[in-house]
Amino acid sequence: MKKFILAFSLITLATLNTACGDASGSEDDKGTIGISMPSKSLERWEKDGNNMVAEFEALGYETDIQYAQDEIQTQASQIENMVTKGVDAIIIAPIDGEVLSDSVNLAAGQEIPVIAYDRLIMNTDKVSYYATFDNFTVGKLQGEYIADHLNLEKEKGPLNIELFAGAPDDNNAHFFFEGAMSILQPYIDEGVLIVKSNQTDFATIAIENWSSSIAQTRMDNLLTSSYSDETKVDAILSPNDAVAQGVVSSLKSMGYGDDARPMPVITGQDAEAASVKSIINEEQTMTVFKDTSKLAKITTQMVDALLNDKKPEVNDTETYDNNEIVVPTHLVDPVSVDIDNYQEILIDGGYLEESDVK
Ligand code: BGC
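Everything quoted here is computed from the prediction, not taken from an experiment.

1. Re the domain arrangement of the protein
What the domain assignment reports for the protein is domain 1 (23–133 + 292–332) and domain 2 (136–290). Centre-to-centre separation of domain 1 and domain 2, based on C-alpha positions: 32 Å. Facing 16 residues of domain 1, the contacting portion of domain 2 comprises 15 residues. Across the domain 1-domain 2 interface, the total number found is two salt bridges. Connecting domain 1 to domain 2 are seven residue pairs in polar contact (both at pLDDT 80 or more). Secondary structure elements with two or more residues in the side of domain 1 that touches domain 2: α2 (43–58) and β5 (129–133).

2. A short note on the packing of aromatic side chains
When we look at a pair of aromatic rings, we describe it by the centre distance and by the angle of the planes. Scanning all chains against the criterion turns up six aromatic pairs. Considering the side-chain rings of F56 and Y61, the 5.7 Å spacing of their centres and the 85° angle between planes classify their relative orientation as edge-to-face. The exposure class of Y61 is buried, given its relative accessible area of 4%. Where F177 meets F202, the ring centres are 6.0 Å apart and the plane angle is 55°; that geometry is what we call tilted. You can see F177 sitting in helix α6 (residues 171–190) and its partner F202 sitting in helix α7 (residues 202–205), a full 25 residues away along the chain. There is no split in this pair, since F177 and F202 are both buried. By way of ring pairs, the aromatic residues Y130, F175 and Y320 are connected into one cluster. Sitting over the face of the ring of W45, R44 holds its NZ or CZ atom 4.1 Å from the ring centroid. Lying over the aromatic face of Y227, K196 brings its terminal NZ or CZ to 5.3 Å of the ring centre.

3. Quick look at the environment of I347
Its place among the elements puts I347 in helix α12 (residues 342–348). Look at I347 and you get buried, because its relative accessible area is 12%. As a C-alpha pair, I347 and T137 span 210 residues in sequence and 23 Å in three-dimensional space.

4. Quick notes on unusual backbone geometry
A cis amide bond links G157 to the next residue, P158, at an omega of -5°. Structurally, P158 is set in the loop between α5 (135–149) and β6 (159–163). In this structure, E111 is a non-glycine residue whose phi angle is positive, near 60°. Look at D309: it is not a glycine, yet its phi comes out positive at around 55°. Counting through the fold element by element, D309 comes out in the loop between α11 (292–307) and β11 (329–332). Of the residues examined, D309 reaches a relative accessible area of 76% and is grouped as exposed.

5. Some details on the site of the ligand
Around the ligand, 13 residues are found, and the nearest of them are R44, D118, R119, D170 and D270. Between the ligand and N240 there is a distance of 2.9 Å, counted from an oxygen atom to a side-chain nitrogen or oxygen. When the ligand sits alone it has 310 Å² of accessible area, and the protein chains cover 98% of it. Two domains each donate at least three residues to the shell around the ligand, and these are domain 1 (23–133 + 292–332) and domain 2 (136–290).

6. Comments concerning the packing of α2 against α11
Taken N-terminus to C-terminus, the directions of α2 and α11 make an angle of 45°; their axes are 8 Å apart at the nearest point. The pairing of α2 with α11 is recorded here as oblique in orientation. When you trace α2 past α11, the crossing you get is right-handed. Here R44, K47, D48, N51, M52, E55 and F56 of α2 come into contact with α11, specifically with T292, S293, L295, A296, K297, T299, T300 and V303. Of the residues that constitute the contact of α2 with α11, the class distribution is five nonpolar, five polar and five charged.

7. Section: the pairing of β11
A two-sided burial pattern is seen for β11, the buried positions comprising T329 and L331 on one face and H330 and V332 on the other. Where β5 meets β11, four bridges bridge the pair, whose relative direction is parallel. Considered in β11, the bridge of T132 is made with L331.

8. Details of the sheet that holds β11
Reading across the sheet, the six strands line up as β2-β1-β3-β4-β5-β11 and stay open at both edges, with parallel pairing between neighbours. Across the chains shown, the open sheet's two edge strands, defined by having one partner strand only, are β2 (62–67) and β11. Going across the sheet, the axis of each strand differs from the next one's by a mean of 15°, ignoring polarity. As paired elements, strand β3 (residues 89–92) and strand β4 (residues 114–117) share three bridges and run parallel to each other. Residue I91 lies in a different strand from β4, and its bridge partner there is I115. Taken strand by strand, α11 contacts β1 (32–37), β3, β4, β5 and β11, and its axis lies near 170° from that of β5.

Here is what the cut-offs are and how they apply
- Residues numbered from 1 in each chain as written.
- Predicted model: local features only at pLDDT ≥ 70, side-chain atom pairs only at ≥ 80, totals over all residues.
- Heavy atoms only, no water.
- Domains from an automatic or database assignment.
- Contact = heavy atoms within 4.5 Å.
- Salt bridge = Lys/Arg side-chain N within 4 Å of Asp/Glu carboxyl O.
- Polar contact = N/O pair within 3.5 Å; in protein donor to acceptor, adjacent residues only side chain to side chain.
- Helix = DSSP H or I, 4+ residues; strand = E, 2+ residues; numbered from the N terminus.
- Phe/Tyr/Trp six-rings, centres within 6.5 Å; stacked < 30°, edge-to-face > 60°.
- Buried < 20%, exposed > 50% of the residue type's maximum accessible area, 1.4 Å probe, protein only.
- Lys NZ or Arg CZ within 6 Å of the ring centre and 35° of its normal.
- Near = heavy atom within 4 Å.
- Areas by Shrake-Rupley, 256 points an atom, 1.4 Å probe, with all protein chains shown as cover.
- Axes fitted to C-alpha atoms, helices over the stretch in contact; angles between N-to-C directions.
- Parallel < 35°, antiparallel > 145°, perpendicular 65-115°, else oblique.
- Left-handed = near helix turned anticlockwise from the far one by under 90°.
- Nonpolar A, V, L, I, M, F, W, Y, C, P; charged D, E, K, R; others polar.
- Pairing = 2+ DSSP bridges.

Put into structure tokens, the structure is as follows:
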């Protein structure tokens, strides 16, 4: 159904296309780049967008940046408008990577290259390149952090863990979970870690839309159903900061956070200011920092190369199969951050201001 509605609106827009001109402006302009971002619901997407606009402007391009408020249909319309305007390339961080193939194919029909940003666009051979962080490693860093901090190499256990994953329609969420489980599964198999709720499969633990409030409700339910005796939960695998903050709220409301019932180890991702604050307050335990300014630079260079008939630099040509092609990818390394290194990495490194986190 989602696909049908999108296809219908694409046809309508394609008809309108013919009436419109070219967005690339005067002859000495380098051109206009369309940037389609999912929403402003997380700080990171705004940072991603602002960084790319600054990088493109520095190279002499104009930009048309749109945020889609996490609405699939809005994102498709915004991309179609970019095609109509005749932008020179489109960068897309999809809300739902499964349903944008028609929009991408429309761009390709006008010879506009499309670059998938952070999240892969599935089911089309018309995605030119993909720029992202090493998503499997993000999950591995979360799993390793739990293993180190619960001392699982030496511990006999059993210690209790509960698992959360990201939005099921986001290709990244699967990589994060697989990366984390590559570290944690052996400890579960040995019985050192126990998932008391028995909820371990991706579909059951995935949090729709990466929503804090859905995560909070799920955590409430887990605590009521599996931890109402005197047992406590020792670790929560959370895929990102938004989910982690929902989990933190639930745990606090159920009495965690004092000496008798200390907070479990709680992972995250994105180095959102609220989560870094929470790490400093010893609620959330870690986050995975992904330097959006690095990703913006690499993406800008990719597009600039493409538009100048050069080959963009990639470092992975095997991992990101979108069901049609393996999309050539440039991966950036993520970094594990906690109370011991946030100052050096995030504040001294210039990603956040001291005042953002105090
Ligand atoms: C991104 C994460 C982000 C999540 C929710 C994922 O695709 O890689 O950085 O936390 O979406 O927006």
